[in-house]
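In case you want the letters, here they are:
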Amino acid sequence: MYHQLREDYPKMPWRKLTFNNYVVPRWGFILNLALQPRLHTKDKVAGCGSMIDQTCELCKEENETMQHLFFECKVTREVWERLLKWQGIQRSLMTWDEEVELASKEMEGKTQKAEVYRMTLASCIYYIWIERNSRIFKAKSQQVDGILRALVQDIFREAIGKLR
């Protein structure tokens with residue numbers, strides 16, 4: 001009866017990125033919004049008729065879109081590049097869509113490397129979004145080193161408890 005009443009929705013390839021045992025719920029929630037894409041970036045807010053400055057709060061150079069915020073902005077590119085190096089991943093940086101595709105396909109499985117990669121991606125998106133909102137709504141900002149320090153500490157705290 002349940003299956004007859006429930007509509008059939010296509011399974012999204014990124015579904016395992018957002019809801020697994022190792023991603024902190026708040027990280028998974030923001031990542032889920034980013035993947036759908038439902039985060040209220042400035043281009044979306046302006047598209048609703050609001051007259052706002054669309055300049056990215058992190059780099060102050062280009063208009064804020066999902067593609068720019070994750071990972072075309074020079075600030076977020078630096079954060080993601082340093083996180084990849086921290087994980088021992090040596091490759092060139094990719095666009096948001098390419099990162100999601102890579103994470104969905106190549107970082108599947110239960111290996112510790114895959115779990116840490118998914119945790120790192122989710123926490124990176126969360127911390128970038130929080131930093132962006134802090135700059136807009138609180139007029140407070142951190143340097144890249146501060147963002148990375150808080151991010152890596154949270155990953156360690158979560159990983160120690162869950163990956164043992």
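Note that the coordinates shown come from a computational prediction; the quantities given were computed from them, not determined experimentally.

**Q** For the overall build of the chain, give the residues involved together with the corresponding values.
**A** Helices and strands together make up the secondary structure of the chain, namely nine helices and zero strands. Along the chain, helices (α) and strands (β) appear in the sequence α-α-α-α-α-α-α-α-α when read from the amino end. Scaling as 2.2 N^0.38, a compact globule of 164 residues should have a C-alpha radius of gyration of about 15 Å, and the chain matches this with 17 Å. In terms of overall dimensions, the chain has a C-alpha envelope of 50 × 40 × 30 Å along the principal axes. Looking at the 164 residues of the chain, the share that counts as buried comes to 47%. In the chain, 26 side chains carry a positive charge and 22 a negative one; their mean positions are 6 Å apart.

**Q** Talk me through the side chain of E57; I want residue IDs and the actual numbers.
**A** Structurally, E57 can be placed in the loop between α4 (42–47) and α5 (66–72). In this structure E57 comes out as buried when scored by relative accessible area, which is 15%. Once residues within four sequence positions are removed from consideration, E57 is found in contact with K42, E64, R135 and I136.

**Q** Break down the packing of helix α3 (residues 25–35) against helix α8 (residues 112–138) for me, with residues and values.
**A** For any two helices packed against each other, the geometry is given by the interaxial angle and the distance between the axes. The contact between α3 and α8 brings their axes to 8 Å, and the two run at 80 degrees. In terms of their interaxial angle, α3 and α8 are classed as roughly perpendicular. Counting all contacts with α3, which are made through R26, W27, I30, L31 and A34, the residues of α8 involved are M119, A122, S123, I125, Y126, Y127 and W129. Its residues placed into classes, the contact of α3 with α8 shows 10 nonpolar, one polar and one charged.

**Q** Residues and numbers for the packing of aromatic side chains, please.
**A** A complete count under the given rule lists seven aromatic pairs for this structure. An angle of 70 degrees between the planes, with centres 5.9 Å apart, marks the rings of W80 and Y117 as edge-to-face. Taken as a pair, W80 in helix α6 (residues 74–86) and Y117 in helix α8 lie far apart in primary sequence, 37 residues in all. Pair check on accessibility: W80 and Y117 agree, each one buried. Considering the side-chain rings of Y126 and Y127, the 5.5 Å spacing of their centres and the 85 degrees angle between planes classify their relative orientation as edge-to-face. Grouped by ring-pair contacts, the aromatic residues F70, F71, W80, W96 and Y117 constitute a single cluster.

Reading the values: the criteria
Residues numbered from 1 in each chain as written. Predicted model: local features only at pLDDT ≥ 70, side-chain atom pairs only at ≥ 80, totals over all residues. Heavy atoms only, no water. Helix = DSSP H or I, 4+ residues; strand = E, 2+ residues; numbered from the N terminus. Rg over C-alpha atoms; globule rule 2.2 N^0.38 Å. Buried < 20%, exposed > 50% of the residue type's maximum accessible area, 1.4 Å probe, protein only. Lys, Arg positive; Asp, Glu negative; His and termini not counted. Charge placed at Lys NZ, Arg CZ, Asp CG, Glu CD. Contact = heavy atoms within 4.5 Å. Axes fitted to C-alpha atoms, helices over the stretch in contact; angles between N-to-C directions. Parallel < 35°, antiparallel > 145°, perpendicular 65-115°, else oblique. Nonpolar A, V, L, I, M, F, W, Y, C, P; charged D, E, K, R; others polar. Phe/Tyr/Trp six-rings, centres within 6.5 Å; stacked < 30°, edge-to-face > 60°.

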